[in-house]
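# Examination of the molecular architecture
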Amino acid sequence: MAGEVRSVLSLGATLGEGPIWVAHDAALWFVDIKAPCIHRFDPALEAVRSWTAPAQIGWILPDSNGRFLVGLQTGIHRFDPVDGDFSLIHAPELHLPGNRLNDATVHPDGALWFGSMDDSETAISGVFYRMDRSGCVASGLDAVSITNGPAVSRNGDILYHVDTIGRTIWRSVIDGSGVHDARVFAQIEEGAGYPDGPTIDAEGCLWIGLFGGWGVRRYDPAGKLMASVAFPVANVTKVAFGGDGLATAYATTAAKGLSLAERRAQPLAGDLFAFDPGVCGVPGILAKL
């Protein structure tokens, strides 16, 4: 199904994550959590620009104010790339200094959904949240050590959320009463890596990066495995669709956790990759906060 996987930007990121195509900018934005920094990749010019973040940074998403929302270890900030300024909006976990924000998405209604995690990857302290202009609330979903996603279906009625350590992708219903009816959507088998960031395509299928799994997978809305794409590096974190017609799949990767021998065997670890997925993506929604 997919075309050849190729490195399009050599970075050697420690923990590349959170890719998002910004249409009005015609560029892919993503982060290196551990650097910590923000990257903007212009595929037309094959050029990158970077900004240093003041704390570990899990994600970046465009907002309706023409700037960006970012999830730092210290809370949700608004980021202005013109002057590089970060301004705090909300700190949901001041009581959990060992936690950090890890991944996020925007619901079709403009609300921000995001998750936290234990930075040491052991405590069961990762929580999913929903935030809009009226405030920030916990979703009520069970806490896990490492949250990833969530991702939201095109019509906004399904939430896909990931328990990375538990190797489980969950599917829940979203409606006026909140989030409920959580059930297992897909389980990643032993030896196939850990599910990382999820992304929805135009056909309603879910793509998942596999940390330690040497690739990405595509599942249909019922949780059936449709396709696998192999990578030349072990730690693939998340896919984003971009370019003309959102027809190119980009994927962030990570060098984190690799031994010196593994790093030598994977010289492209931490690079930004691209491939033809055989399907288009879904236009991004601007966050309304």
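This text goes with the structure placed above it.
Each value, and the rule that gives it
- Residues numbered from 1 in each chain as written.
- Predicted model: local features only at pLDDT ≥ 70, side-chain atom pairs only at ≥ 80, totals over all residues.
- Heavy atoms only, no water.
- Helix = DSSP H or I, 4+ residues; strand = E, 2+ residues; numbered from the N terminus.
- Rg over C-alpha atoms; globule rule 2.2 N^0.38 Å.
- Buried < 20%, exposed > 50% of the residue type's maximum accessible area, 1.4 Å probe, protein only.
- Contact = heavy atoms within 4.5 Å.
- Areas by Shrake-Rupley, 256 points an atom, 1.4 Å probe, with all protein chains shown as cover.
- Lys, Arg positive; Asp, Glu negative; His and termini not counted.
- Charge placed at Lys NZ, Arg CZ, Asp CG, Glu CD.
- Salt bridge = Lys/Arg side-chain N within 4 Å of Asp/Glu carboxyl O.
- Pairing = 2+ DSSP bridges.
- Axes fitted to C-alpha atoms, helices over the stretch in contact; angles between N-to-C directions.
- Core = buried A, V, L, I, M, F, W, Y, C linked by side-chain atoms within 4.5 Å.
- Phe/Tyr/Trp six-rings, centres within 6.5 Å; stacked < 30°, edge-to-face > 60°.

### Regarding the overall build of the protein
The helix and strand tally for the protein stands at one helix and 24 strands. Against the 2.2 N^0.38 benchmark of 19 Å for 289 residues, the protein shows a C-alpha radius of gyration of 17 Å, consistent with a compact globule. Its C-alpha atoms put the protein at 45 × 45 × 40 Å along the principal axes. Looking at the protein as a whole, 56% of its 289 residues qualify as buried. A separation threshold of at least 6 residues defines the contact pool for the protein, and within that pool the share at least 24 residues apart is 45%. Counting only carbon and sulfur atoms, one obtains 52% of the accessible surface of the protein, whose full area is about 11600 Å². Across the protein, the 21 positively charged side chains and the 32 negatively charged ones have centroids separated by 1 Å.

### Some thoughts on the pattern of salt bridges
Tallying each qualifying case throughout the model produces twelve salt bridges. A salt bridge links E189 to R217, with the shortest nitrogen-to-oxygen separation between them at 2.7 Å. Pair noted here: E189 is in the loop between β17 (178–187) and β18 (194–200) and R217 is in strand β20 (residues 215–219), with a separation of 28 residues, a long-range link. Residue classification places E189 among the partly exposed positions, given a relative accessible area of 42%. Connected through salt bridges with shared partners, the residues K34, R100 and D119 form a single ionic network.

### Brief notes about the side chain of S172
Mapped onto the secondary structure, S172 falls in strand β16 (residues 168–175). Taking the relative accessible area as the measure of exposure, S172 reaches 0% and is therefore buried. Filtering out sequence-adjacent residues up to four positions away, S172 remains in contact with L141, D157, I158, L159, H161, V179, H180, D181 and A182.

### Quick notes on the pairing of strand β21 (residues 225–230)
With five bridges joining them, β20 and β21 adopt antiparallel strand pairing. Within the sheet, the bridge partner assigned to R217 lies in β21 and is S228. Joining the antiparallel neighbours β20 and β21 is a turn of five residues, in which G223 adopts a positive phi near 90 degrees.

### A closer look at the sheet that holds strand β24 (residues 272–275)
Ordered in space as β1-β24-β23-β22, the four strands form an open sheet in which the pairing is antiparallel. Edge positions in the open sheet fall to β1 (6–9) and β22 (236–242), since each of these has one partner strand only. Looking at each pair of strands side by side, their axes are set apart by 35 degrees on average, direction ignored.

### Examining the nonpolar core
Within the largest apolar cluster, 33 residues are counted, with the highest numbers of intra-cluster contacts made by W29, I38, W59, I60, F79, L112 and F114. Within the residue set of this core, elements represented by two or more residues are β2 (16–22), β3 (27–32), β6 (57–62), β7 (68–72), β8 (75–80), β10 (99–106), β11 (112–118) and β12 (128–132). Setting aside chain neighbours within four positions, we find I38 in contact with W29, F30, V31, R49, S50, W51, I57, I60, V70, F79 and F86. In terms of nonpolar packing, the next biggest core, distinct from the first, is built from 27 residues, W21, V229, L246 and A269 among them.

### Quick notes on the packing of aromatic side chains
Scanning all chains against the criterion turns up 15 aromatic pairs. Here W21 and Y250 contribute two aromatic rings whose centre-to-centre distance is 6.3 Å and whose plane-to-plane angle is 5 degrees, an arrangement assigned as stacked. With a gap of 229 residues between them, W21 in strand β2 and Y250 in strand β23 (residues 248–253) connect regions that are remote in the sequence. Residue W21 shares its accessibility class with Y250, and that shared class is buried. Ring geometry for W29 against W51: centres 5.2 Å apart, planes inclined by 15 degrees, an arrangement best described as stacked. One end of the pair, W29, is in strand β3; the other, W51, is in strand β5 (residues 47–52), and 22 residues separate them in sequence.

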